[in-house]
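Next come the chains, spelled out residue by residue.
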Amino acid sequence: NVELPLRYQGIARTRRRTLVREALELVSLETRAKAFPDELSGGERQRIAVARALVHTPELLLADEPTGHLDKRAEAEVLDLLETLNGIGTTVLMVTHSLECASRAGRVVHLRGGRVVDADQRS
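In this convention, every chain numbers its residues from 1, walking through the sequence in written order. Two thresholds apply to this predicted model, a pLDDT of at least 70 for residue-level local features and 80 or more for giving and counting side-chain atom pairs, whereas whole-chain, interface and lining totals are computed over all residues. Side-chain figures throughout are based on the complete set of non-hydrogen atoms in the structure, without hydrogens or water.

## Quick look at the overall build of the chain
Helix numbers and strand numbers start at the N terminus; a helix is a DSSP run of H or I with at least 4 residues, a strand a run of E with at least 2. Tallying secondary structure elements over the chain gives five helices and four strands in all. Ordering the α and β elements of the chain from the N terminus gives α-α-α-β-α-β-α-β-β. Projected onto the principal axes, the alpha-carbon positions of the chain cover approximately 50 × 30 × 25 Å. Each residue is assigned to one of three classes by its accessible area relative to the maximum for its type, calculated with a 1.4 Å probe on protein chains only: buried under 20%, partly exposed between the two thresholds, exposed over 50%. Taken over 123 residues, the chain has a buried fraction of 28%. Throughout, a residue-residue contact means that at least one pair of heavy atoms, one from each residue, lies within 4.5 Å. Taking the intrachain contacts of the chain between residues at least 6 apart in sequence as the baseline, contacts between residues at least 24 apart amount to 50%. Surface summary for the chain: the accessible area is close to 8300 Å², and the carbon and sulfur share equals 51%. Throughout, the Shrake-Rupley method with a 1.4 Å probe supplies accessible areas, and for residues the shown protein chains are the sole cover considered.

Quick look at the structure:
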C-alpha cells in the first residue's frame, strides 16, 4: 500500500523498500508492514495514509479531516504524528471541524463561506 506509488514512478525496488521502511518507522508501523488494509485499525489506516505521502518527502502535507471517524486514542496518535512531522520541517495544512484537533495547531484560520473570518498564531 505504501510502496505502490513508488512503483508507478519507476523507482528501483531496493530504493522503494528503503523509503517504505523509513516511512513506516516514522509512523510507528514497521511491525505491520505485511498487514493488509482490512487487518489494520482505523488509526493504523490513517497513519498508513500519512506514510504513503511521506515516501515522497513532501514539504507540504495536506490533511483533510485526518481524525474523522477515529476513537480518541487513534485521534491522539494521528495528531501526535502530524506534530512530529511539523517539528522535522514538513508544513502540515489540516482541515478539521474539530475544535479539539485545531487546538493542537500552531496556527488556526477560521473560514466561513469560503472566506477568512479569523486567524490566530500560536507557539
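Next comes the rest of the account.
## So, the packing of helix H3 (residues 42-54) against helix H4 (residues 72-87)
Two measures define how a pair of helices packs: the angle their axes make with one another and the distance between the axes. Relative orientation of the contacting elements H3 and H4 amounts to 20 degrees, with a least axis distance of 8 Å. Put simply, H3 runs roughly parallel to H4. With respect to the hand of their crossing, H3 and H4 are arranged in right-handed fashion. Together, Gly43, Gln46, Arg47, Val50 and Leu54 of H3 and Ala74, Glu77, Val78, Leu81 and Leu85 of H4 make up the contact between the two elements. The residue classification treats Ala, Val, Leu, Ile, Met, Phe, Trp, Tyr, Cys and Pro as nonpolar and Asp, Glu, Lys and Arg as charged. All others, Gly included, are polar. Counted by class, the contact of H3 with H4 contains six nonpolar, two polar and two charged residues. Note on method: axes are straight lines fitted to C-alpha atoms, helices fitted across the in-contact stretch only, with angles between N-to-C directions ranging 0 to 180 degrees. In what follows, roughly perpendicular refers to angles from 65 to 115 degrees, roughly parallel to angles under 35, roughly antiparallel to angles over 145, and oblique to any angle outside these ranges. In this scheme, a crossing is called left-handed if the near helix is turned counterclockwise away from the far one by less than a right angle; it is called right-handed if the turn is clockwise.

## Some details on the side chain of Thr67
Mapped onto the fold, Thr67 is located in the loop between strand E1 (60-64) and H4. On the basis of relative accessibility, which here comes to 6%, the residue Thr67 falls in the buried class. Apart from residues no more than four positions distant in its own chain, Thr67 is found in contact with Gln46, Glu75, Val78, Leu79 and Cys101.

These figures capture arrangement, not role.
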